[in-house]
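Breakdown of the fold
Residue strings, one per chain:
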Amino acid sequence: MSGQRILIDACVLYPSVMHQMVLATAARGLFEPIWSTRILEEWARAAQKLGPVGEAQARGEIAVLRAEWPRAERAAAPGTERRLFLPDPNDVHVLAVAIEAGADALMTMNAKDFPKSVLTQEGITRVDPDSYLRGLWEKHPDVLAQVAQDVLARAERLSGKEWLLRKLLKKARLPKLAKALGEIGRRSDHREVRH
């Protein structure tokens, strides 16, 4: 497993395709995921927007995560929380858990509430899922391509309709990764045409 430890914010876990892409790369040993009970609860509460089925599905996925990554869930860190300041006080718990867990990075879509200057003081880098996955694709293109194909197959199975990979990833707010995987597909097509 890569030595990088990444705390994953609830806003990354809530969108289905996004968290599947992120966690499938973790499952292949490209980084170690970290979260807290409160982060998982925020995910379940966010899924309530989809109705009772959405919350039930989220809680089912959370149960699977807990079984697959028993060491990923970290305790709250109230002592650390008390010394921290962020633009949104409701996000302090996320940074506190990242610090206590020795995370190298905090993966979030919420850049404005996690200023890089504050995170840098704590030795933590802020990453967004799209840029991070795009960076992993540069180092491990075959792994990311396979992860994307697996996520695509699952999305098609669950929705009962066909998806274009690029469209699915763009809808999941992963446009840089979508473009990268689209380019590798076109290069493969050109090689096949020449043979």
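Okay, so let's go over this structure.

**A word on the overall build of the chain**
In terms of helices and strands, the chain carries 11 helices and 5 strands. The C-alpha radius of gyration of the chain comes to 17 Å, within 12% of the 16 Å expected for a compact globule of 195 residues. Once the C-alpha set of the chain is aligned to its principal axes, its extents read approximately 65 × 40 × 30 Å. Taking all 195 residues of the chain together, 46% fall into the buried category. Counting contacts in the chain only where the partners sit at least 6 residues apart, residues at least 24 apart contribute 62% of the total. Counting only carbon and sulfur atoms, one obtains 53% of the accessible surface of the chain, whose full area is about 10300 Å².

**With respect to the packing of aromatic side chains**
Scanning all chains against the criterion turns up 2 aromatic pairs. Here the aromatic rings of phenylalanine 31 and tyrosine 132 are separated by 5.7 Å at their centres, their planes lie at 90 degrees, and the arrangement is edge-to-face. Separated by 101 residues along the polypeptide, phenylalanine 31 in the loop between helix H2 (16–27) and strand S2 (32–36) and tyrosine 132 in helix H8 (residues 129–139) bring together distant segments of the chain. Accessibility expressed as a relative area gives 0% for phenylalanine 31, which makes it buried. Pairing tryptophan 35 with tryptophan 69 gives two aromatic rings, centres 5.9 Å apart and planes at 85 degrees, and the pair type is edge-to-face. Placement of tryptophan 35 in strand S2 and of tryptophan 69 in the loop between helix H4 (52–68) and strand S3 (73–74) is noted, with a sequence separation of 34 residues between them. Overall, the relative accessible area of 15% leaves tryptophan 69 in the buried class.

**Re the layout of surface pockets**
The probe, sized like a water molecule, is rolled over the atoms to show the empty space still left. Approximately 340 Å³ is the volume attributed to the largest pocket. Pro15, Ser16, Val17, Gln20, Gln57, Ala155, Leu158, Ser159, Trp163, Leu168, Lys171 and Ala172 together form the lining of the largest pocket. Elements with a minimum of two residues in the lining of the largest pocket: H2, helix H9 (141–159) and helix H10 (165–171). Of the residues assigned to the lining of the largest pocket, the class counts are 7 nonpolar, 4 polar and 1 charged.

Reading the values: rules and limits
- By convention here, each chain's residues receive numbers from 1 onward along its written sequence.
- Predicted model: local features are reported for residues with pLDDT of at least 70 only, side-chain atom pairs are reported and counted for 80 or more only, and whole-chain, interface and lining totals are derived from all residues.
- No hydrogens and no water enter the side-chain calculation; it runs on all heavy atoms of the structure.
- Secondary structure follows DSSP: runs of H or I at least 4 residues long count as helices, runs of E at least 2 residues long count as strands, and numbering of each begins at the N terminus.
- Here the globule rule is a power law, 2.2 Å times the number of residues to the power 0.38, and the radius of gyration is based on C-alpha atoms.
- Working definition: with a 1.4 Å probe on protein chains only, accessible area under 20% of the residue-type maximum means buried, over 50% means exposed, and in between means partly exposed.
- A contact between two residues is defined here by any heavy atoms of the two lying within 4.5 Å.
- Per-residue and other accessible areas were derived by the Shrake-Rupley procedure at a 1.4 Å probe size, with only the shown protein chains allowed to occlude residues.
- Here a pair means two rings of Phe, Tyr or Trp (six-membered ring of Trp) with centres within 6.5 Å. Their orientation is stacked below 30 degrees between planes, edge-to-face above 60, and tilted elsewhere.
- Computed over the protein atoms alone on a 1 Å grid, cavities are sets of points where a 1.4 Å probe fits but cannot get out and pockets are open sets with protein on both sides within 12 Å along at least five of seven lines; a residue lines them when it has an atom within 4 Å of a point.
- Grid points are joined across faces, edges and corners, and a volume is the space filled by probe spheres set on the points.
- Polar here means any residue other than Ala, Val, Leu, Ile, Met, Phe, Trp, Tyr, Cys and Pro, which are nonpolar, and Asp, Glu, Lys and Arg, which are charged; Gly is therefore polar.

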